[in-house]
Amino acid sequence: MMHFLLLFSRQGKLRLQKWFTPLPDREKKKVIRDMTLMVLARPPRSCNFLQWRDLKIVYKRYASLYFCCGLEDQDNELLTLEVLHRYVELLDKYFGNVCELDIIFNFEKAYFILDEFLMEGEILETSKKAVGTSIEEADSQQETMEEYMSKPTY
Amino acid sequence: MSDVVEKTLTALPSLLSLDSQSGSGKLSSTSKLGSLIRGITELTSKHEEEKLIKRELVAIKEQVSSPNTTMRQMKEIMVRAIYCEMLGYEASFTYIHAIKLAQQGSVLEKRVGYLGVSLFLNESHELLLLLVNTVLRDLQSTNLIEVCMALTVVSQMFPKDMIPAILPLVEDKLAHPKEIIRRKAVLALYKFYLIAPNQVQHIHSKFRKALCDKDPGVMTASLHIYLLMIKESPDVYKDLTGSFVTILKQVIGGKLPMDFNYHSVPAPWLQIQLLKILALLGKDDQSTSEIMYDVLDECLRRAEMNHNITYAILYECVRAIYTIHPKSELLEKAVKCIGNFVLSPKINLKYLGLKALTFVVQQDANLALQHQVTIIECLDHSDLMIKRETLELLFRITNGQNVTVIVEKMLEFLRFSNDDYSTIDLVGKVAEVAEKYAPDNGWFIQTMNAVFSLGGDTMQADIPNSFLRLLSEGFDSEEEDRHLRLFAVDSYVRLLQEDPAKLPQRFLQVISWVLGEYSHLRDDLEATTVTRLLARLLDLNHTSNETRSWVLTAMMKLCEGPACAALVQQVCDRYTGSLDTVLRQKAQELQHLSQDAELRSRVMTRRCTLEPLEVDSSLSFLDGFVSEALAAGAAPYKPPHQRQEELSQEKALSLEPYGLSLPVSLSSCCISDRQSPTLLSVSSGNSTDPSQRAAPTTLKLDGVKRVWGKQGYLAQKEVVEEAAQVEGPSPLLSSSQQGSADSPQTQTPTPEPDLQRQQLASALFVGLGAQNAVCLMGKTDAVPQRFRRKPRGHGSSSGSVERSSLSSHSLLGNNLLDSTNIPSDEVVSPKNTERTPDLTATNGTCDPEETPSPDETAAHVLPLTSGIGMETMEPATHTDPDRPRNPCLSSHLPAELSGMARSDIAPLCSNRSLALSACTVSTEDTFLLILFVSNSSDSDVQHLLLQLTCTGELEVSCLSDGAPEELAGHGVAVYKYSLVMKTPSPQVELAGVVSYEMPLGEPQAAQFSHRLYLTDFIRPLPVSTEEYGRMWLSYTHDTKQNLKLVQDDQDPLTATLNALKEKLQLHVVDIIGLEGIVACRLLQGQPCLMHCRVHDNSLAVWLRSPVLELPDCLLYHYQKALQEH
């Protein structure tokens, strides 16, 4: 199970944080600081995995933004890299050629997309299309049971 | 910094130009958030940013408190507040408004409100209580979006106490027609299961329905719960193996909708989840493993595309193959797969390859040989992570021959590492292998010196403790002990003469203890010299008071002669006035002892041999004093946690009227208390208090001994090595083994300049492949374990070792043995028996006269010939009506038990010739298990042997003497065992094996298992109310929970207690009004007390016991009893 997901810039500025296990605020700050320090200090062409306390850290850089998450021991690192990649794909689909500024200015949207994609540190929806649909539905504000039942697709 | 400025400058133009852009959901930079962000980007210093945000927050505060602010504006404000919080500025005044927004806003506003709540608050925040109603309403909303949002927020954060309030609604959603809602509901339940498993116990059947859901997404979501449940009790879910295999087959076969593909790989997430589940199910279980061989094979075959995601699947597949019962073909394929990983140029894959190797070398050390070149390359890799993982791998293959090289590599890494966590970990590993495989005394002392200097004061406390213990207890030969101690003294004197200022405190403590204890061994070393060196330590600025008291203690042992006395006097003068009480006391003692030679010789006797010290840890000699004081009116002692609890009870707000559960703060304080006793026990046995140790000249290791655990871990480890060696020599490997044995002509195709590497390789891998060749030739290897003592119970390694030993056992039973052509009697090679003399002796397996008692040999009796075709029946299944053998079995019951209450005789397993049944008999102070072995064939059965494998929870002792070796046709043998539960657990599985021989035919064996419940081991504890009160105060572990009340118009409390008494043997001490107190005890074990109170149609229960696990386990059975009622 994923413990947290952080997005931060190359300068170490936090862009998004999601905690899947409860932590006191001070501990969160420490995690964020340690992560930015550790990840930003990694030389190029080193592997995307780190060990921090008893957590496995998987990070990946997309343009100027680092995606970084903490995993439990039995989780699969490679799969997590793909989780990050899928999240980027989802952002890309929503914003259309996503860049860091999209996430800065519309961070709440990035959170909404994440909520449709991950739940409780586990992947909720792997289909790109389905996540897109549920975000659209949420954006369009409402859908009643009657509307849903009368849809021909069901 | 210049980088930041540069970045800002480059970002600005694009920012401004984006203003004019119009796109779908593009930047809303004209908004207030936009201008805030732009404002921040324009700033150059942290200070200015702070000022700007402060201003912003003031503005926000004004707006939120204004009555004219609409919800729409509030949404905008909330986003800004979230942004400020993300930058690290507190905006706690907006929390309540986030909740209000979620409550009152329209859908879009509500969404932001919920987002704010989930980012601002954590699970224990009291404001969350205000959210419960909103969530309840939204769960019932007709707008599906609102339902979705509510489920999302529930899974993110919901107060544990409030789960019952919404649980029925979430359960209903499992039957919702829309799949996304079903899926979210399943995940919300998953969350509940994580934080409060007791609360969702009753809906297990619904999980099964979710597993069978027609939507694959819902099924996938339910697997999270199953993975968790199977991890806890794999046996319960074995019947699902077939279904999981079928699902995986369908997934691999591409039967799922295209939507589930990821880069044209079908549902990789689902695949990996299933592989994890299968690995858990197949672990140590041959028949279950057999079901999944095909699908694992296919999984490996299909995942061949060159993409990260397929590698992820392969990696998981390899792990599964090595976890379940082994199959040679699959293992071969997995090995090939690992090879691809390790040799891959992609650094991520290389890393995982090393990880996989580390995982598998525990079972087959020869695998490391195949990749020695790569391993050596990785050892010098520029990436520290790779290096670290390689060391981990080397640690697993350490043996007596390569230990020096490997330790050297580890220490080298330690010198560069600056990460505390990995330092602590690695230092522990160095200490472990150094102690286990040290080639000579000098090396050992030097290595430990390095460990102490590098480990500093952060390392685990047990390293110095066990080192000192090793020195003080000694091992086989006097001479050897003396030698080692002398070495230590010499090296420490040298260190102190050089520069003691840079040594860590822990090391100084070790040094002063050793010098105090053993410097007299060196005749040419005068006590004065040592005392002077030690006195220098006192003067160092950074020396802690703890270390100082160690030094003073050492001086007490040393002070002899007038020269010393003068020096000691100086020291005493200085520290008798110290502010630190311990130091002051030490100084006083030192002063007295140095002046009174006779007293000193009495207190500080120099004993070379170590007799175990009797320590009365219960302080019973103080009982008289205590009772006197109590009689004189003193208040009874309350342990610290209780004082704290009472304090917090007085202070805390009473949440009772809302009454779903007890205050959160209480439970959190209980948790921290639970940990403290273990910490205490460690430190009391260890070195923190020098005053304890000073008087009797030896370490008081009373507490430590228990930490080392039972004998037997090392035995299993050895077995693994043997097995690995036996299994090794397949044609593929033998050449490489040869190569490493005579190193100059290594077969590795490396170019010339790598001579150095080749040498390293031969040094590193020396003990691995070559060993069994040596053994087969009958030579004994000259690497006996140097320091023989109880193996360490290192949590991480012991568990896995145990497991791997199990599977390697069965490997022997498999036909792998045939292919290797090694006679089975050579499995126990001379070398290996020589290496572990202590173990074989203590285990008694080598001694033919001593019959092994069941628990000692428990781990060894795993059947070599398992799976011969015996059907094992679940104990729960009812008796076969065709074979009415139970009535006659009861006549075989031992005469002394015939009148007692006993359970029905239940069949355990049967085959053509034998049938096993069991029943249990409970008496006031025993719990007996009676096993009946009945011969259902006409011929006699010979060499009948029944052995029980007990887990750590149970203690089994055999009561029947002289069990028959032979059993005539249609005869019945009866075995009687007395059982005691050592560590409480809700239920335990008692497994065993019966082996026998038919007159014509080979030996056979049958496995069986029988499940026992905690309820069998619970007995009433007759105490009076006063005694109860006293006991209640003295117990440390407690648990609180609300239970269902039995519906009864007259007196629900009595009815409930009676219902509990029906199922569990309890003693109801007293019932006063709405409260009741109940006491029980674990058979031959500790008591558990319960205090309950009727409250709002539920029963608030508070359990206390000196044992950590007991209250939880009892609660489990209480709930079960009430449910069944």
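Residues numbered from 1 in each chain as written. Chains lettered and ligands numbered in written order. Predicted model: local features only at pLDDT ≥ 70, side-chain atom pairs only at ≥ 80, totals over all residues. Heavy atoms only, no water.

A. Quick look at the overall build of chain A. Along the backbone of chain A there are six helices and seven strands. Along chain A, helices and strands appear, N-terminal first, in the series β-β-α-β-β-β-α-α-α-β-β-α-α. Burial status across chain A gives 64% buried among its 154 residues. (Helix = DSSP H or I, 4+ residues; strand = E, 2+ residues; numbered from the N terminus. Buried < 20%, exposed > 50% of the residue type's maximum accessible area, 1.4 Å probe, protein only.)

B. Looking closely at the interface of chain A and chain B. Contacts between the two partners involve 69 residues from chain A, matched on the other side by 77 residues from chain B. Together, the buried faces of chain A and chain B total about 6900 Å²; carbon and sulfur atoms form 58% of this surface. Per-residue buried area on chain A facing chain B is highest for Leu78, Phe105 and Met119 of chain A; these three make up 11% of the total on that side. The interface formed by chain A and chain B holds six salt bridges in total. Put simply, the parts of the chain that give the side of chain A that touches chain B at least two residues each are β2 (14–19), β3 (49–52), α2 (77–95), α3 (100–105), α4 (107–117), β7 (122–123), α5 (128–139) and α6 (145–150) of chain A. Among the elements that line the side of chain A that touches chain B, the one with the most residues is α2 of chain A, at 11 residues. Its residues assigned to classes, the side of chain A that touches chain B comprises 28 nonpolar, 16 polar and 25 charged. (Contact = heavy atoms within 4.5 Å. Buried area = accessible area lost by both parts, 1.4 Å probe. Salt bridge = Lys/Arg side-chain N within 4 Å of Asp/Glu carboxyl O. Nonpolar A, V, L, I, M, F, W, Y, C, P; charged D, E, K, R; others polar.)

C. Structural view of the packing of aromatic side chains. For the coordinates displayed, the defined rule picks out 23 aromatic pairs over all chains. Centre to centre, the rings of tyrosine 94 of chain A and phenylalanine 95 of chain A are 5.2 Å apart; their planes meet at 90°, and the pair counts as edge-to-face. Look at tyrosine 94 of chain A and you get partly exposed, because its relative accessible area is 24%. Between phenylalanine 444 of chain B and phenylalanine 467 of chain B, the ring centres sit 5.9 Å apart and the planes meet at 45°, which makes this aromatic pair tilted. Of this pair, phenylalanine 444 of chain B sits in helix α24 (residues 441–455) while phenylalanine 467 of chain B sits in helix α25 (residues 462–473); the two residues are 23 residues apart in sequence, bridging distant segments of the chain. Residues phenylalanine 444 of chain B and phenylalanine 467 of chain B agree in their burial class; the two are buried. Here a set of aromatic residues connected by ring pairs shows up, and it is made of Phe444, Phe452, Phe467, Tyr492 and Phe507 of chain B. Over the face of the ring belonging to phenylalanine 93 of chain B we find lysine 61 of chain B, whose NZ or CZ atom lies 5.1 Å from the ring centre. (Phe/Tyr/Trp six-rings, centres within 6.5 Å; stacked < 30°, edge-to-face > 60°. Lys NZ or Arg CZ within 6 Å of the ring centre and 35° of its normal.)

D. The arrangement of the pairing of strand β6 (residues 927–935) of chain B in detail. Residue and element names in this part refer to chain B. With nine of nine residues buried, β6 lies mostly within the body of the structure. Where strand β5 (residues 914–922) meets β6, nine bridges bridge the pair, whose relative direction is antiparallel. If you follow alanine 918 over to β6, its bridge partner there is leucine 931. Between β5 and the antiparallel strand that follows it, β6, lie four residues. Both β6 and strand β9 (residues 972–981) contribute to a ladder of seven bridges, which runs antiparallel. Along β9, the bridge assignment pairs leucine 931 with tyrosine 975. (Pairing = 2+ DSSP bridges.)

E. Just the sheet that holds strand β5 (residues 65–71) of chain A, in detail. Residue and element names in this part refer to chain A. Strand order in the open sheet made by the five strands is β2-β1-β5-β4-β3, with antiparallel pairing throughout. Taken across any chain shown, the strands that pair with only one partner, and hence form the sheet edges, are β2 and β3. Pairwise comparison of adjacent strand axes, ignoring direction, gives a mean angle of 20° for this sheet. Sheet analysis places strand β4 (residues 55–62) next to β5, joined by seven bridges and oriented antiparallel. Within the sheet, the bridge partner assigned to tyrosine 62 lies in β5 and is leucine 65. (Axes fitted to C-alpha atoms, helices over the stretch in contact; angles between N-to-C directions.)

F. Layout of the pattern of salt bridges. All names here are of chain B. All told, the structure shown has 37 salt bridges over all chains when counted by the stated rule. With its nearest N and O atoms 2.8 Å apart, the salt bridge here joins aspartate 213 to arginine 182. You can see aspartate 213 sitting in the loop between α11 (204–211) and α12 (216–232) and its partner arginine 182 sitting in helix α10 (residues 179–195), a full 31 residues away along the chain. Considered together, aspartate 213 and arginine 182 belong to a single accessibility category, that of buried residues. For lysine 333, the salt bridge is made with aspartate 297, and the minimal N-O distance between the two is 2.7 Å. Remark: aspartate 297 occurs in helix α15 (residues 286–302) and lysine 333 occurs in helix α17 (residues 328–343); sequence separation between them is 36 residues. Judged by relative accessible area, which is 38%, lysine 333 ranks as partly exposed. Given a relative accessible area of 22%, aspartate 297 falls into the partly exposed group. Overlapping salt bridges bring together Arg388, Glu392, Arg396, Asp425 and Lys429 as one network.

G. Region of interest: the side chain of asparagine 348 of chain B. Within the fold, asparagine 348 of chain B resides in helix α18 (residues 347–361). Once you skip the residues sitting within four places of it in the chain, asparagine 348 of chain B turns out to touch Cys47, Asn48, Phe49 and Leu81 of chain A.

H. Representation of a nonpolar patch on the surface in the model. Residues and elements named next belong to chain B. Where nonpolar side chains cluster on the molecular surface, the patch consists of Leu619, Phe621, Leu622, Phe625, Val626 and Leu630 and spans about 590 Å² of accessible area. Of note, phenylalanine 625 is situated in helix α33 (residues 623–631). Since its relative accessible area comes to 58%, phenylalanine 625 is described here as exposed. (Patch = residues over 30% accessible without salt bridge, like charges linked within 9 Å, V, L, I, M, F, W, Y side chains within 5 Å. Areas by Shrake-Rupley, 256 points an atom, 1.4 Å probe, with all protein chains shown as cover.)

I. Representation of the sheet that holds strand β11 (residues 1003–1013) of chain B in the model. Residue and element names in this part refer to chain B. With antiparallel pairing, the three strands of this open sheet are ordered in space as β7-β10-β11. Across the chains shown, the open sheet's two edge strands, defined by having one partner strand only, are β7 (942–949) and β11. Along the sheet, successive strands turn relative to each other by an average axial angle of 15°, direction set aside. Bridging between β7 and strand β10 (residues 987–997) involves six bridges; their strand directions are antiparallel. Within β10, the position partnered with glutamine 947 by the bridge is valine 993.

J. Representation of the nonpolar core. Membership of the largest hydrophobic core comes to 292 residues, with the highest contact counts inside it found for Tyr87 of chain A together with Phe244 of chain B. Ranked by residues supplied to this core, first place goes to helix α16 (residues 308–323) of chain B with 11 residues. Once residues lying within four places of it in the same chain are set aside, the contact partners of phenylalanine 244 of chain B are Leu211, Leu223, Tyr226, Ile230, Leu274, Ile277, Leu278 and Leu281 of chain B. In terms of nonpolar packing, the next biggest core, distinct from the first, is built from 61 residues, Leu990, Leu1045, Leu1083 and Val1101 of chain B among them. (Core = buried A, V, L, I, M, F, W, Y, C linked by side-chain atoms within 4.5 Å.)

K. Representation of the confidence of the model for chain A within the structure. Per-residue pLDDT for chain A has a mean of 86; in total, 90% of the residues score no lower than 70. The least confident element of chain A is α6 of chain A, whose mean pLDDT is 55; the most confident is β5 of chain A, at 95. (pLDDT = per-residue confidence, 0-100.)

L. Quick look at the environment of lysine 18 of chain A. Structurally, lysine 18 of chain A can be placed in strand β2. Lysine 18 of chain A sits in the buried class, given a relative accessible area of 4%. Linking lysine 18 of chain A and leucine 6 of chain A, residues 12 residues apart in sequence, is a C-alpha distance of 6.4 Å. Excluding its chain neighbours within four sequence positions, the residues that come into contact with lysine 18 of chain A are His3, Phe4, Leu5, Leu114 and Asp115 of chain A together with Ser118 and Gln156 of chain B. A polar contact is formed between the side chain of lysine 18 of chain A and the side chain of aspartate 115 of chain A, at a distance of 2.9 Å. (Polar contact = N/O pair within 3.5 Å; in protein donor to acceptor, adjacent residues only side chain to side chain.)

M. Spatial organisation of helix α48 (residues 1025–1034) of chain B. Residues and elements named next belong to chain B. Every buried residue of α48 is accounted for by Tyr1028, Met1031 and Trp1032. Buried residues in α48, looked at end-on, bunch into an arc of 105°, giving them a common side. Exposed and oriented more than 90 degrees from the buried face of α48 are Glu1026 and Arg1030. For α48, the secondary structure elements touched by its buried residues are β14 (1067–1072), β15 (1075–1082), β16 (1087–1095) and β17 (1098–1105). (Arc of directions from axis to C-beta.)

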